[in-house]
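In case you want the letters, here they are:
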Amino acid sequence: LEVIQLKTMARQMGIESITLKQNQLVFQVAAASRIDVNRLVGLVSRKKSKLRVTPDQKIHAVLPKPNPTPQGLLEAARKALKSVSKT
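*Asks:* I'm lost on the pattern of salt bridges in this one. Help?
*Replies:* Pairing of side chains with opposite charge becomes possible as their charged atoms draw close. A complete count under the given rule lists three salt bridges for this structure. With a closest N to O distance of 3.9 Å, Lys58 and Asp56 form a salt bridge. You can call Lys58 partly exposed: its relative accessible area is 27%. Its relative accessible area of 41% is what places Asp56 among the partly exposed residues. In this structure, a network of salt bridges that share partners links the residues Glu2, Glu75 and Arg78.

*Asks:* For this particular structure, what's the right way to read the packing of helix α1 (residues 2–13) against helix α3 (residues 70–84)?
*Replies:* Angle between the axes and distance between the axes: these two values describe a pair of packed helices. Contact pair α1 / α3: the axes reach a minimum separation of 11 Å and the direction vectors enclose 20 degrees. In terms of their interaxial angle, α1 and α3 are classed as roughly parallel. Judged by the sense of rotation from one axis to the other, the crossing of α1 with α3 is left-handed. Listed contacts from α3 to Glu2, Val3, Leu6, Met9, Ala10 and Met13 of α1 are Gln71, Leu74, Ala77, Arg78, Leu81, Lys82 and Val84.

*Asks:* Would you take a moment to explain the pairing of strand β1 (residues 15–21) for this structure?
*Replies:* Note: β1 against strand β2 (residues 24–29), six bridges, orientation antiparallel. By the bridge assignment, Thr19 is partnered in β2 with Val26. Connecting β1 to the next strand, β2, in antiparallel fashion are two residues, including Gln22 with a positive phi near 55 degrees.

*Asks:* Got a minute to help me understand the sheet that holds β2 in this structure?
*Replies:* Across a sheet, paired strands are connected by hydrogen bonds in the backbone, their directions being either parallel or antiparallel. Pairing in this open sheet of four strands is antiparallel, and the strands run β1-β2-β4-β3 from one edge to the other. At either end of the open sheet lies a strand with only one pairing partner, and these are β1 and β3 (51–54). Each strand axis lies, on average, 20 degrees off the axis of its neighbour in the sheet, ignoring direction. Across four bridges, the pairing between β3 and strand β4 (residues 58–62) is antiparallel. By the bridge assignment for β4, Arg52 is matched with His60.

*Asks:* Mind showing me how you'd approach the environment of Pro70 here?
*Replies:* Within the secondary structure, Pro70 sits in helix α3. With 62 residues separating them in the primary sequence, Pro70 and Thr8 have C-alpha atoms 18 Å apart.

*Asks:* I would appreciate a short explanation of unusual backbone geometry in the present structure.
*Replies:* For residues that are not glycine, phi is negative in most cases, and the peptide bond is trans in most cases. Residue Gln22 is not a glycine yet carries a positive backbone phi of 55 degrees. Summarising the element assignment, Gln22 is placed in the loop between β1 and β2. On the accessibility criterion, Gln22 (75% relative accessible area) is exposed. Despite not being glycine, Gln57 has its phi angle at roughly 60 degrees, a positive value. By the element assignment, Gln57 lies in the loop between β3 and β4.

Cut-offs applied
Residues numbered from 1 in each chain as written. Predicted model: local features only at pLDDT ≥ 70, side-chain atom pairs only at ≥ 80, totals over all residues. Heavy atoms only, no water. Salt bridge = Lys/Arg side-chain N within 4 Å of Asp/Glu carboxyl O. Buried < 20%, exposed > 50% of the residue type's maximum accessible area, 1.4 Å probe, protein only. Axes fitted to C-alpha atoms, helices over the stretch in contact; angles between N-to-C directions. Helix = DSSP H or I, 4+ residues; strand = E, 2+ residues; numbered from the N terminus. Parallel < 35°, antiparallel > 145°, perpendicular 65-115°, else oblique. Left-handed = near helix turned anticlockwise from the far one by under 90°. Contact = heavy atoms within 4.5 Å. Pairing = 2+ DSSP bridges.

Encoded structure:
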């Protein structure tokens, strides 16, 4: 149920996919998304930011702990999405 809720939240924001790569969650952003760009720029610009954006419209969020539990992954993804959401 939590995975479905996360997928729904991501789709509503214009996130096409969420993948795990090394110690990072990678969010593929659609061309039309509901990401708060100003908020994202502010978060990425911070010293010690755990977010970075690549030119191919991907947001990389470093996981707070290496090898998290499945519940930890869901919580990290939810927290990252909420941090850049317009709502």
